[in-house]
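Structure at a glance
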Amino acid sequence: AVCVMDTQPTTRSVAIAVISYSLCSSLMLVVNKLALHYMPVASMLTVIQLVACVGTVYGLQYVNLIQVDALEWEKVKPYMVYVLAFSGSIYTNMKALEGANVETVIVFRSCTPLVVALLDFVYLGRELPSRRSLAALGTILLGAAGYVSTDAAFQLSGLGAYFWVTLYFFIICFCMTYGKQITSSVKMDSMWGPVLYTNLLSILPTLALGALLNEQDKVERVVWDLPTTQTVVLSCVIGVGISYTGWNARHQLSATSFTLVGVVNKMLTVLINVMLWDKHASALGILYLCLCLVGGAVYEQAPLRGGHNKTPLPLHSSSGDGSGGDSSQSKSGKS
């Protein structure tokens, strides 16, 4: 059988991956913010989205529309660390959206390339950013600092206003880099494999997070009226889309480029958010946010260092030999 994840990315496939991921990513924040307005229980909303995604994958497999990798311990092991971070990133993102406006989350998200570029160099074998890229990253940092200086929540509560979004920032930096490492080291026969593994294995950690923070007490107060149902269903549909398109884009781009694509497409998110909500950043704050996005747009992907075609992190491959390497150039361990 032909292995989808072992094909060399082409210009067309990269363009499709970037566009599809951008559409889903640009809508996800706004829809989640709306869903949390009707259902203010972050863990419950997240679990519903995870279950919906897993059900969709198994449903499409049942009718023979997609190929899905079976759960195998050699593949599950590398995902165990990732799903803990993945669950934490979704939960902290939801909590950040509960207490902050969408623009604040976007600004923190836009700063992740500052860390991911360094992790790309240390763990994924890429060069350090060029002068142009350093200038772009400096622009992102300048825009973020300017946004913070205009944020009413920061002026009122100081750093305490950024507790959840700061946790989100550090966790998502890890996810961006380790997620690329997984696609390079764990051989899958289908792009739906990572989707199933990530969502299925994240259900229990997310439930545990909700229980740890006593969110079960809020579940009984959720009113399942038509607006709540509609927004939750819409968030599930977009969640399925971003699960597949996110892994597809991550497979075809470097960790930093993948992160920057997620930053740049937030321009549409800002536009939608301003049109739908009255609780958004000031005009000056949005201007600084746009400066962050401009920095992301002019960033250049760092090339791989000479002779570096293997990843140094000690992950297990599906064949159990512990080898790394780029999955776009390796062959399937299955016959």
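This section reports on the structure supplied with the text. On a predicted model such as this, the values are computed, not experimentally measured, just so you know.

**Observations regarding the overall build of the protein**
- From N to C terminus, the protein includes 14 helices and zero strands.
- Counting helices and strands in the order they occur from the N terminus, the protein gives α-α-α-α-α-α-α-α-α-α-α-α-α-α.
- Looking at the protein residue by residue over its 335 residues, the buried ones come to 52%.
- Excluding contacts between residues fewer than 6 apart, the proportion of contacts in the protein whose partners are at least 24 apart in sequence is 89%.
- Total accessible area computed for the protein in this model is approximately 15000 Å², and 67% of it derives from carbon and sulfur atoms.

**A few points about the layout of surface pockets**
- Of the pockets and cavities examined, the second largest pocket occupies roughly 220 Å³.
- Element by element, the count of residues in the lining of the second largest pocket is highest for helix α1 (residues 11–38), at three residues.
- The residue inventory of the lining of the second largest pocket, partitioned by class, reads five nonpolar, two polar and three charged.

**Quick word on the pattern of salt bridges**
- By the definition in use, this model includes four salt bridges.
- Notably, a salt bridge pairs K75 with D69, separated by 3.0 Å at the nearest N-O pair. Neither K75 nor D69 differs from the other in exposure class; each is buried.
- A salt bridge links E74 to K77, with the shortest nitrogen-to-oxygen separation between them at 3.1 Å. Taken as a pair, E74 and K77 lie in helix α3 (residues 73–99) at a separation of three residues, close to a single helical turn.
- Three or more residues joined by partner-sharing salt bridges are found here, namely K95, E98 and E215.

**Regarding unusual backbone geometry**
- Of note, N64 is a non-glycine position whose phi angle comes to about 60 degrees, a positive value.
- Turning to its location among the elements, N64 is positioned in the loop between α2 (42–62) and α3.
- The phi dihedral of N214 falls on the positive side, at around 60 degrees, and the residue is not glycine.
- Summarising the element assignment, N214 is placed in the loop between α9 (192–212) and α10 (216–219).

**Quick word on the environment of T245**
- Residue position: T245 is located in helix α11 (residues 226–252).
- In this structure the C-alpha to C-alpha distance between T245 and I16, which are 229 residues apart in sequence, comes to 9.3 Å.
- Here T245 is in contact with S20, Y21 and C24, once residues within four sequence places are set aside.
- In terms of polar contacts, T245 uses its side chain to reach the backbone carbonyl oxygen of G241, at 2.8 Å.

**Quick word on the side chain of N32**
- By the secondary structure assignment, N32 is in helix α1.
- Taking the relative accessible area as the measure of exposure, N32 reaches 5% and is therefore buried.
- Sequence-distant contacts of N32, that is, excluding residues within four places in its chain, are made with L45, Q49, M94, L97 and S235.

**Section: the packing of helix α8 (residues 163–185) against α11**
- Where α8 contacts α11, the two axes come as close as 9 Å, and the packing angle between them is 75 degrees. Considering their axes alone, α8 and α11 lie roughly perpendicular with respect to each other. Contact residues: α8 offers C175, M176, G179, K180 and T183, while α11 offers W247, R250, H251 and Q252.
- Partitioned by chemical class, the residues of the contact of α8 with α11 number three nonpolar, four polar and two charged.

Calculation rules
- Residues numbered from 1 in each chain as written.
- Predicted model: local features only at pLDDT ≥ 70, side-chain atom pairs only at ≥ 80, totals over all residues.
- Heavy atoms only, no water.
- Helix = DSSP H or I, 4+ residues; strand = E, 2+ residues; numbered from the N terminus.
- Buried < 20%, exposed > 50% of the residue type's maximum accessible area, 1.4 Å probe, protein only.
- Contact = heavy atoms within 4.5 Å.
- Areas by Shrake-Rupley, 256 points an atom, 1.4 Å probe, with all protein chains shown as cover.
- 1 Å grid on protein atoms, 1.4 Å probe; cavity = no way out; pocket = protein on both sides within 12 Å on 5 of 7 lines; lining within 4 Å.
- Points joined across faces, edges and corners; volume = space filled by probe spheres on them.
- Nonpolar A, V, L, I, M, F, W, Y, C, P; charged D, E, K, R; others polar.
- Salt bridge = Lys/Arg side-chain N within 4 Å of Asp/Glu carboxyl O.
- Polar contact = N/O pair within 3.5 Å; in protein donor to acceptor, adjacent residues only side chain to side chain.
- Axes fitted to C-alpha atoms, helices over the stretch in contact; angles between N-to-C directions.
- Parallel < 35°, antiparallel > 145°, perpendicular 65-115°, else oblique.

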